[in-house]
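Each chain, letter by letter, is given below.
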Amino acid sequence: MKRFMALLLVLTVTFALVGCQKEKGDYKAGMYYASTSGNQSTFGVMFVNEDGKIEDMFIDSVYLKASENGGVSWTSYGNPATGYATTKMALDNGWGYHMFYADYAKSTTTPTEEGYKAWLKSNNKLEWFEQVRLIIDQVIELQDLPSKTAGKYDAPAGATITVDSYYAVIKDLLEQARK
């Protein structure tokens, strides 16, 4: 009986110690950077912690803020444009990008920033940066890219933006960080 109890104690301690160990991730610890090319480049930074797990990411896109007096000109979606080069996140942490503002402005005679945010909520719309955060959270949860359907990545629910460039950057980041 003593031998049985001793064996049981050894097994219990062994399994307890194994259960306490953190599961190691598939990536090398560090900070990684990737980008797509073109005048509307997407770029990303990914942090992998010492356990080899993706801890966080930052993704942004170059954006031309239209202005007649702007110092930059380029062709965007086949149309020539002039303005100031910036990034979507540089515009008031993403809020200033106003992805749906034109739709909102049509619905009111006195558009305001507070009204816009309320309109987004009441119409179940997420601003650009909120949708990008859904993509980032999805990758952090999966610790990988999502599966593909018909050759396209399965974007998280609520993401209505075109996601190809974001997943291209994330794929590059993951490839850099793989062990």
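Asker: I keep staring at the pattern of salt bridges and nothing clicks. Help me out?
Answerer: Side chains carrying opposite charge are able to pair once their charged atoms draw close together. With the rule as written, the count across this model stands at five salt bridges. In this structure, the salt-bridge partner of lysine 24 is aspartate 51, at a minimum N-O distance of 3.6 Å. Within this pair, whereas lysine 24 is found in the loop between helix H1 (2-20) and strand E1 (30-35), its partner aspartate 51 is found in the loop between strand E2 (42-48) and strand E3 (54-66), the two being separated by 27 residues in sequence. The exposure class assigned to lysine 24 is exposed, which follows from its relative accessible area of 53%. Its salt-bridge partner being aspartate 56, residue arginine 133 comes within 2.9 Å of it at the nearest N-O pair. Within this pair, whereas arginine 133 is found in helix H4 (residues 128-142), its partner aspartate 56 is found in strand E3, the two being separated by 77 residues in sequence. Given a relative accessible area of 34%, aspartate 56 falls into the partly exposed group.

Asker: Explanation requested: the environment of methionine 57 in the structure shown.
Answerer: In this structure, methionine 57 sits in strand E3. According to the relative accessible area criterion, methionine 57 is buried, its value standing at 5%. Between the C-alpha atoms of methionine 57 and aspartate 137, which are 80 residues apart in sequence, the distance is 8.7 Å. With near-sequence residues (within four places) excluded, methionine 57 lies in contact with Val45, Met46, Arg133, Ile136, Val139, Ile140 and Ile170.

Criteria and cut-off values
- Residues numbered from 1 in each chain as written.
- Predicted model: local features only at pLDDT ≥ 70, side-chain atom pairs only at ≥ 80, totals over all residues.
- Heavy atoms only, no water.
- Salt bridge = Lys/Arg side-chain N within 4 Å of Asp/Glu carboxyl O.
- Helix = DSSP H or I, 4+ residues; strand = E, 2+ residues; numbered from the N terminus.
- Buried < 20%, exposed > 50% of the residue type's maximum accessible area, 1.4 Å probe, protein only.
- Contact = heavy atoms within 4.5 Å.

Everything listed here is a matter of coordinates, which is why it stays silent on function.
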